[in-house]
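Per-entry structural report
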Amino acid sequence: MQWWKQYGGLGALFAAFLAAGYWGFTATGGALPWAKRSARALQRGVQEGGGALVNVGRGIIVAGPIRKGGLMLEFGGLVVLLSMIGLGLYVYVDRYNGFDRDQPTQKP
Amino acid sequence: MAHIHLGEGSFPLWAVIVWTLLGLGLISTIIYRIRKGGIETHQIALAGIGAAASFAVFQLNIPVWGGIHMNLTGLVGILAGPLLGALIALVVNIFSAALGHGAVGLLGANTLVNASEAIVAYYMFKTLMGMDWDVFPASTSAATIGLSAGAFLMGAIIVISGVNGSALPRGDLAIAVGGLVGLNLGVAVIEGLLTGFIINFLTSVRPDLVGMVDRDSTEEPAGVTG
């Protein structure tokens, strides 16, 4: 398919979704974190609000229930555990080219 | 990034039961299909990595659109497939709920939401590649549309269930939920772009991981030749 049709379609999709996103952003309170936004919108209905779409100064933070609940160690442990399992599986499969030469785990 | 962030007891009991049963039905069907048809072993490894990445990014609140988190469920669906993608959605939601991010009673609903993202993204990607699209626009569009499917499903689940303690009439609740769904569509663009870049990169270095070539016919890297 011609590239301009592909990127044209993608551009139209993005334009529509970004417009919907901006409407949702303002209609549900403006610059509010998602959990607070959900609670407020579902309890009080739509209430116009503004604020920056991007707030770099806020930084990337861990979700409130984990951060405020003192579960950072558990979160870190789970991430490390899952990463080790995933990477271990990947290395094993890649090195040995899969179990049984990469056949399905159970034949029909 | 669709995810129902309401606390325990937010949904009426009948709704909790219905969404839990539907979630159980979906997972049971997937397990049955996996046991019957089998899965490629390299997909298991991808699923492990996908679960780790999805769980980690699930908990990170990034400072755009007020403060949102991504799911990477579109990426997981495209890489691991619809069956493992849905199981990853379940695993990520269980671990998240165990840490207080998402209610345990809403595990069924949230699994349905996130599994739908992975499933729709996978089939959309396959459809677009079948229409001879390039990898980047196909994967970006597929992930964006997959995430939008999850957003609409999330909205439908909330409106159908109703929210305990909310005095909003159903019509006003639907408008409020529409705003949340709209915001999710904006976020889907960001996550779709990220997914597109990752899939495009993987296709250039390991096309077999994305199903572009047969693993058995993958040639070893030639390396530097004289």
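Residues numbered from 1 in each chain as written. Chains lettered and ligands numbered in written order. Predicted model: local features only at pLDDT ≥ 70, side-chain atom pairs only at ≥ 80, totals over all residues. Heavy atoms only, no water.

**A few points about the overall build of chain A**
- Tallying secondary structure elements over chain A gives 4 helices and 1 strand in all.
- In chain A, the succession of helices and strands from N to C terminus is α-α-β-α-α.
- The buried share among the 108 residues of chain A stands at 31%.
- A sequence separation of at least 24 residues applies to 15% of the contacts in chain A between residues at least 6 apart.
- As displayed, chain A has an accessible area near 6600 Å², and 64% of this comes from carbon and sulfur atoms. (Helix = DSSP H or I, 4+ residues; strand = E, 2+ residues; numbered from the N terminus. Buried < 20%, exposed > 50% of the residue type's maximum accessible area, 1.4 Å probe, protein only. Contact = heavy atoms within 4.5 Å. Areas by Shrake-Rupley, 256 points an atom, 1.4 Å probe, with all protein chains shown as cover.)

**Here's the deal with the pattern of salt bridges**
Residues and elements named next belong to chain B.
- Tallied over the entire structure, the rule returns 1 salt bridge over all chains.
- In this structure, Asp 208 and Arg 206 form a salt bridge, with 2.9 Å as the shortest nitrogen-oxygen distance.
- Taking relative accessible area as the criterion, Asp 208 reaches 5% and is therefore assigned buried. (Salt bridge = Lys/Arg side-chain N within 4 Å of Asp/Glu carboxyl O.)

**Description of the nonpolar core**
- Leu42(A), Ile4(B), Phe11(B), Ile68(B), Met154(B), Ile158(B) and Ile199(B) are the most contacted members of the largest nonpolar core, which totals 58 residues.
- Every element with two or more residues in this core is listed here: helix H1 (3–27) and helix H2 (34–44) of chain A together with helix H1 (13–37), helix H2 (41–58), helix H3 (73–98), helix H4 (107–130), helix H5 (135–161) and helix H6 (170–205) of chain B.
- By residue number, the principal contributor to this core is H6(B), which donates 11 residues.
- Every residue in contact with Ile158(B), bar those within four places of it in the chain, is listed here: Leu42(A), Ile4(B), Phe11(B), Val163(B), Leu173(B) and Val177(B).
- Leu82(A), Ala56(B), Leu83(B) and Ile88(B) belong to the second largest nonpolar core, which has 25 residues in total. (Core = buried A, V, L, I, M, F, W, Y, C linked by side-chain atoms within 4.5 Å.)

**Quick notes on the packing of aromatic side chains**
- Applying the stated criterion across every chain yields a total of 7 aromatic pairs over all chains.
- Ring geometry for Phe55(B) against Phe95(B): centres 5.8 Å apart, planes inclined by 65°, an arrangement best described as edge-to-face. Taken as a pair, Phe55(B) in helix H2 and Phe95(B) in helix H3 lie far apart in primary sequence, 40 residues in all.
- Ring plane angle 85° and centroid distance 5.0 Å describe the contact between Tyr122(B) and Tyr123(B), whose orientation is recorded as edge-to-face.
- Through a chain of ring-to-ring contacts, three or more aromatic side chains come together here, namely Trp3(A), Tyr7(A), Phe136(B) and Phe197(B). (Phe/Tyr/Trp six-rings, centres within 6.5 Å; stacked < 30°, edge-to-face > 60°.)

**A closer look at a nonpolar patch on the surface**
- A grouping of Tyr22(A), Leu53(A), Val54(A) and Val56(A) is seen on the molecular surface, where their side chains present a nonpolar patch of about 390 Å² in accessible area.
- Within the fold, Val54(A) resides in the loop between H2 and strand S1 (61–62). (Patch = residues over 30% accessible without salt bridge, like charges linked within 9 Å, V, L, I, M, F, W, Y side chains within 5 Å.)

**Observations concerning unusual backbone geometry**
Residues and elements named next belong to chain B.
- Not every positive phi belongs to a glycine, and Trp 65 is a case in point at roughly 55°.
- Examined against the element boundaries, Trp 65 turns out to sit in the loop between strand S1 (60–61) and H3.
- The exposure class assigned to Trp 65 is buried, which follows from its relative accessible area of 7%.
- In this structure, Leu 72 takes a positive phi of about 60° despite not being glycine.

**Observations regarding H4(B)**
- For H4(B), with 24 residues, the first-to-last C-alpha span of 34 Å sits near the 34 Å given by 1.5 Å per residue.
- The positive-phi residue at the C-terminal boundary of H4(B) is Asp132(B), with phi of around 70°. (Expected span 1.5 Å × (residues − 1).)

**Thoughts on the confidence of the model for chain B**
Residue and element names in this part refer to chain B.
- Looking at chain B, the pLDDT average stands at 90 and 94% of residues meet or exceed 70.
- Contacts for the low-pLDDT stretch residues 221–226, under 50 throughout, to residues beyond four places or in other chains number 0 contacts.
- Overall fold confidence (pTM) sits at 0.88, and the ipTM for the predicted complex is 0.89. (pLDDT = per-residue confidence, 0-100.)

**Structural notes on the interface of chain B and chain A**
- Contact residues are listed per partner, giving 69 residues for chain B and 63 residues for chain A.
- Regarding the contact of chain B and chain A, the summed buried area is about 5700 Å², with carbon and sulfur atoms giving 70% of it.
- One can count 0 salt bridges joining chain B with chain A.
- Our count for the contact surface shared by chain B and chain A stands at 14 residue pairs in polar contact (both at pLDDT 80 or more).
- For the side of chain B that touches chain A, the secondary structure elements donating two or more residues are H1, H2, S1, H5 and H6 of chain B.
- Element by element, the count of residues in the side of chain B that touches chain A is highest for H6(B), at 14 residues.
- Considered class by class, the residues forming the side of chain B that touches chain A number 37 nonpolar, 25 polar and 7 charged. (Buried area = accessible area lost by both parts, 1.4 Å probe. Polar contact = N/O pair within 3.5 Å; in protein donor to acceptor, adjacent residues only side chain to side chain. Nonpolar A, V, L, I, M, F, W, Y, C, P; charged D, E, K, R; others polar.)

**Digging into the layout of surface pockets**
- Approximately 430 Å³ is the volume found for the second largest pocket.
- Lining the second largest pocket we find 24 residues, and of these Ala35(A), Lys36(A), Ala63(A), Gly64(A) and Pro65(A) sit closest to its centre.
- Taken together, the elements giving at least two residues each to the lining of the second largest pocket come down to H2, S1 and helix H3 (64–68) of chain A together with S1 of chain B.
- Looking at the lining of the second largest pocket element by element, the count peaks at 4 residues for H3(A). (1 Å grid on protein atoms, 1.4 Å probe; cavity = no way out; pocket = protein on both sides within 12 Å on 5 of 7 lines; lining within 4 Å. Points joined across faces, edges and corners; volume = space filled by probe spheres on them.)

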